[in-house]
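For reference, the chains in residue letters:
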Amino acid sequence: MVRSANSCGRYYFRLDLQYRHGRCAGPYFQGQLVQGLYDLLNHKILANRLIQLSLLYLVQVCRAIKRFSVRIFANHTSRRMRRLLYNALLHRQFGDDTGSLMTKAISDVDSCVEGMRKFTTEIFDTGVVMIAYLAMLLYYDVRLTILACMFTPLAYVIANVLKKKVVKANKVI
């Protein structure tokens, strides 16, 4: 089944709204979910509409779990790194600059943990968006999805061939 551009745009807008601004629009979508359940029980709508709305909430639940998990991961990592640094710096004699060295080391730990947290968040968010795009494209047109997905492995193969040629050319020089 091919969806019209307007219908597909509205679906994408709703998905993007739920994904990006879920906390602000949460009560609205909760009301839609409850109304959808009521309409389903009264046989006014089909179950696939309610499943579509429930999938949007699944994305929000996954985001909440991700945020909680990433914060726990970052806090544990920060605590472990600081403990190692404190033990290493306090049990060695560096002279008068121990305080500035500890300040720099703790700043480096904070930067490292912040980078890990951002990296993990970006990987998850990008993965969710890519899965949503693929699902939407698959729902829109299966052949187009297969065609679009063929280019990624092809690009990897071409990049690998070019990498081998560049490495070989650099060894000659």
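The rules we used
Residues numbered from 1 in each chain as written. Predicted model: local features only at pLDDT ≥ 70, side-chain atom pairs only at ≥ 80, totals over all residues. Heavy atoms only, no water. Helix = DSSP H or I, 4+ residues; strand = E, 2+ residues; numbered from the N terminus. Buried < 20%, exposed > 50% of the residue type's maximum accessible area, 1.4 Å probe, protein only. Areas by Shrake-Rupley, 256 points an atom, 1.4 Å probe, with all protein chains shown as cover. Patch = residues over 30% accessible without salt bridge, like charges linked within 9 Å, V, L, I, M, F, W, Y side chains within 5 Å. Salt bridge = Lys/Arg side-chain N within 4 Å of Asp/Glu carboxyl O. Expected span 1.5 Å × (residues − 1). Polar contact = N/O pair within 3.5 Å; in protein donor to acceptor, adjacent residues only side chain to side chain. Contact = heavy atoms within 4.5 Å. pLDDT = per-residue confidence, 0-100.

**So, the overall build of the protein chain**
Line of reasoning, step 1. Of regular secondary structure, the protein chain possesses five helices and zero strands.
Line of reasoning, step 2. Ordered by position from N to C terminus, the α and β elements of the protein chain give α-α-α-α-α.
Line of reasoning, step 3. Taking all 173 residues of the protein chain together, 21% fall into the buried category.
Line of reasoning, step 4. On the protein chain, roughly 13,200 Å² of surface is accessible, and the fraction owed to carbon and sulfur atoms is 67%.

**A closer look at a nonpolar patch on the surface**
Line of reasoning, step 1. The grouping of Leu138, Val142, Leu144, Ile146, Leu147, Met150, Phe151, Leu154, Ile158 and Leu162 at the surface amounts to a nonpolar patch, some 930 Å² of accessible area in total.
Line of reasoning, step 2. Top element by residues in the nonpolar patch is helix α5 (residues 142-172). It accounts for nine residues.
Line of reasoning, step 3. Looking at the element boundaries, Leu147 is found in helix α5.

**Points about the pattern of salt bridges**
Pairs may arise between side chains of opposite charge once their charged atoms sit close together.
Line of reasoning, step 1. Summed over the entire model, instances satisfying the criterion amount to two salt bridges.
Line of reasoning, step 2. The shortest N-O distance in the salt bridge between Arg82 and Asp110 comes to 2.3 Å. With Arg82 in helix α3 (residues 47-90) and Asp110 in helix α4 (residues 98-140), the pair connects residues that are 28 residues apart, well separated along the chain.
Line of reasoning, step 3. The partly exposed category is assigned to Arg82, whose relative accessible area is 25%.
Line of reasoning, step 4. The salt bridge partner of Glu114 is Arg117, with a shortest N-O separation of 3.1 Å. Residue Glu114 and its partner Arg117 are located together in helix α4, separated by three residues, close to a single helical turn.
Line of reasoning, step 5. Residue classification places Glu114 among the partly exposed residues on the basis of a relative accessible area of 28%.
Line of reasoning, step 6. Since its relative accessible area comes to 24%, Arg117 is described here as partly exposed.

**Re α5**
Line of reasoning, step 1. Helix length check: α5 (31 residues) gives 47 Å between terminal C-alpha atoms against 45 Å at 1.5 Å per residue, within 8%.
Line of reasoning, step 2. Capping the start of α5 is the job of one residue whose side-chain oxygen sits 3.4 Å from the backbone nitrogen of Arg143: Asp141.

**Points about the side chain of Ser78**
Line of reasoning, step 1. Among the secondary structure elements, Ser78 is positioned in helix α3.
Line of reasoning, step 2. With sequence-adjacent residues up to four places away left out, Ser78 is seen in contact with Val109, Asp110 and Val113.

**Remarks on α3**
In an α-helix, one full turn covers 3.6 residues, which means residues spaced three or four apart are oriented alike.
Line of reasoning, step 1. Taking 1.5 Å as the rise per residue, α3 with 44 residues should run 64 Å; its terminal C-alpha atoms sit 64 Å apart, in good agreement.
Line of reasoning, step 2. Where α3 is concerned, the buried positions are Leu50, Leu53, Leu56, Tyr57, Gln60, Arg63, Lys66, Val70, Ala74, Thr77, Ser78 and Leu89.

**Notes on the side chain of Lys66**
Line of reasoning, step 1. Within the secondary structure, Lys66 sits in helix α3.
Line of reasoning, step 2. When residues no more than four places from it in sequence are discounted, the contact partners of Lys66 are Thr121, Phe124 and Asp125.

**As for unusual backbone geometry**
The bulk of non-glycine residues show a negative phi, and the bulk of peptide bonds are trans.
Line of reasoning, step 1. Here the phi dihedral of His43 falls at roughly 60°; this positive angle occurs in a residue that is not glycine.
Line of reasoning, step 2. By the secondary structure assignment, His43 is in the loop between α2 (22-41) and α3.
Line of reasoning, step 3. Exposure remark for His43: the relative accessible area of 72% places this residue in the exposed category.

**Considerations on the confidence of the model for the protein chain**
Parts of the prediction with low pLDDT should not have their coordinates interpreted in detail.
Line of reasoning, step 1. Residues at a pLDDT of 70 or more form 81% of the protein chain, whose mean pLDDT is 77.
Line of reasoning, step 2. The least confident element of the protein chain is helix α1 (residues 5-20), whose mean pLDDT is 52; the most confident is α5, at 90.
Line of reasoning, step 3. Taken as a whole, residues 1-9 scores under 50 in pLDDT and shows eight contacts with residues more than four places along the chain or in a different chain.

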